[in-house]
Amino acid sequence: AMLLVSAEEHLDGDEDHAQALVLLRQALALFRQAGDSRGAADALRMIVMTCRAKSQATYSKREKVSDPAALEEATRTAMEELEAFRLASDKYGQACMLNALADIALENKAPSASELGGAVEQAATAQGLFRELGERRRQAQVCATLTFLHLKRQAWQQAEAAAREAVGLAEAAEDKKSIANALHTLAVCLAQSPSASSCGETLEEGLRHARRALALFKELNLEKFMASEYYFVATWLLMLGRSREALPIAKTAM
């Protein structure tokens, strides 16, 4: 478990994907040796997430040229492990891999309607399994995935419903990082809503949620998340025409 925590710190802090993968694979080997299928599923989920994050980092550093190898590794791992969990009738493992596959679909810059529909179906299946297992924190994560999938589909009402459900589930789980992430997801969803450009109230609500997320990230001392949230808060203040408020916040994000 400590290896998972250490790997997450590498991802949340300096984004050292290579070192995070080393730690996660060590953790996976130990969980499997101990017969801990849930621990193994969590390690695998983080391995897939790290490969996806590695792809995102490459995408941003190479002028929007993605890294197919990282995404291919993530997809291959998730598909192989999903089948293994199915054969073992391991619902938690299946849900983790289904959610991972739905997350990977978000990296497709021009997905077809059928690809998005398939990802939504994967996420919905994962949601049902996590609900059956009483895993509220994981349900909240799936709801965030569903939110962004629905945004890609321009299904605004479904996106907002999923985002609000994520907040409720995270609060029920009493996990501060999950709550902050869910609040951020809801804020992004509201900011991208068609009504945001014509209705200041929608953007104002999103701003309130972003400020709450920022406060929690500060409390948890998650600097990378804080910087990102400062950026979003400043951006949305500018959209609301409140440039004087936005400027010092933008400077903090830099």
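Residues numbered from 1 in each chain as written. Predicted model: local features only at pLDDT ≥ 70, side-chain atom pairs only at ≥ 80, totals over all residues. Heavy atoms only, no water.

Asker: Tell me about the pattern of salt bridges, and please be specific about residues and values.
Answerer: Tallied over the entire structure, the rule returns 13 salt bridges. Between R164 and E205 there is a salt bridge; the shortest N-O distance is 2.9 Å. Of this pair, R164 sits in helix α8 (residues 156-173) while E205 sits in helix α10 (residues 200-219), placing them 41 residues apart in sequence. When its relative accessible area of 35% is taken as the criterion, R164 is described as partly exposed. Classification of E205 as buried rests on a relative accessible area of 18%. Bridged by salt links that share partners, the residues E204, R211, R242 and E245 form one connected network. (Salt bridge = Lys/Arg side-chain N within 4 Å of Asp/Glu carboxyl O. Helix = DSSP H or I, 4+ residues; strand = E, 2+ residues; numbered from the N terminus. Buried < 20%, exposed > 50% of the residue type's maximum accessible area, 1.4 Å probe, protein only.)

Asker: Quick rundown of the packing of aromatic side chains? Include the residues and the values.
Answerer: Following the criterion strictly, the structure yields four aromatic pairs and no others. Each ring, one from Y92 and one from F130, has its centre 5.8 Å from the other, and the planes form 70°; the classification is edge-to-face. In this pair, Y92 sits in helix α5 (residues 91-105) while F130 sits in helix α6 (residues 113-133), placing the two residues 38 residues apart along the sequence. Each member of the pair, Y92 as well as F130, carries the same accessibility label: buried. Put simply, the rings of Y231, F232 and W236 pair up and form one aromatic cluster. (Phe/Tyr/Trp six-rings, centres within 6.5 Å; stacked < 30°, edge-to-face > 60°.)

Asker: Describe helix α11 (residues 223-239), naming the residues involved and giving the relevant values.
Answerer: Since the α-helix packs 3.6 residues into each turn, any two residues three or four apart lie on the same face. Over its 17 residues, α11 extends 24 Å from the first C-alpha to the last, a length consistent with the 24 Å expected when each residue adds 1.5 Å. Buried residues of α11: F225, M226, E229, Y230, V233, A234, W236 and L237, and no others. One side of α11 carries all its buried residues, which in axial view fall inside an arc of 165°. Away from the buried face of α11 by more than 90 degrees, exposed residues Y231 and L238 are located. G241 lies just past α11 and shows a positive phi near 80°. (Expected span 1.5 Å × (residues − 1). Arc of directions from axis to C-beta.)

Asker: Report on the side chain of Q139, specifying residues and quantitative values.
Answerer: For Q139, the position within the fold is in helix α7 (residues 136-152). Owing to a relative accessible area of 5%, Q139 belongs among the buried residues under this scheme. Setting aside its immediate chain neighbours within four residues, Q139 contacts Q127, F130, R131 and L169. (Contact = heavy atoms within 4.5 Å.)

Asker: Tell me about the packing of α7 against α8, and please be specific about residues and values.
Answerer: Here α7 crosses α8 at 165°, and the two axes come no closer than 8 Å. By the angle between their directions, the pair α7 and α8 is classed as roughly antiparallel. Regarding α7 and α8, the two cross each other, and that crossing is left-handed. Between α7, through R136, R137, Q139, A140, C143, A144, L146, T147, H150 and L151, and α8, the contact on the second element is made entirely by W156, Q158, A159, A162, A163, E165, A166, L169, A170, A172 and A173. When grouped by side-chain class, the residues that make up the contact of α7 with α8 number 14 nonpolar, four polar and three charged. (Axes fitted to C-alpha atoms, helices over the stretch in contact; angles between N-to-C directions. Parallel < 35°, antiparallel > 145°, perpendicular 65-115°, else oblique. Left-handed = near helix turned anticlockwise from the far one by under 90°. Nonpolar A, V, L, I, M, F, W, Y, C, P; charged D, E, K, R; others polar.)

Asker: Pulling in residues and values, what's your account of the environment of N108?
Answerer: Residue position: N108 is located in the loop between α5 and α6. N108 gets classed as partly exposed once you look at its relative accessible area, which sits at 29%. Expressed as a C-alpha distance, the spacing of N108 and L71, which sit 37 residues apart in the sequence, is 9.9 Å. If we skip the residues at most four places from it in the chain, N108 touches E115 and K152.

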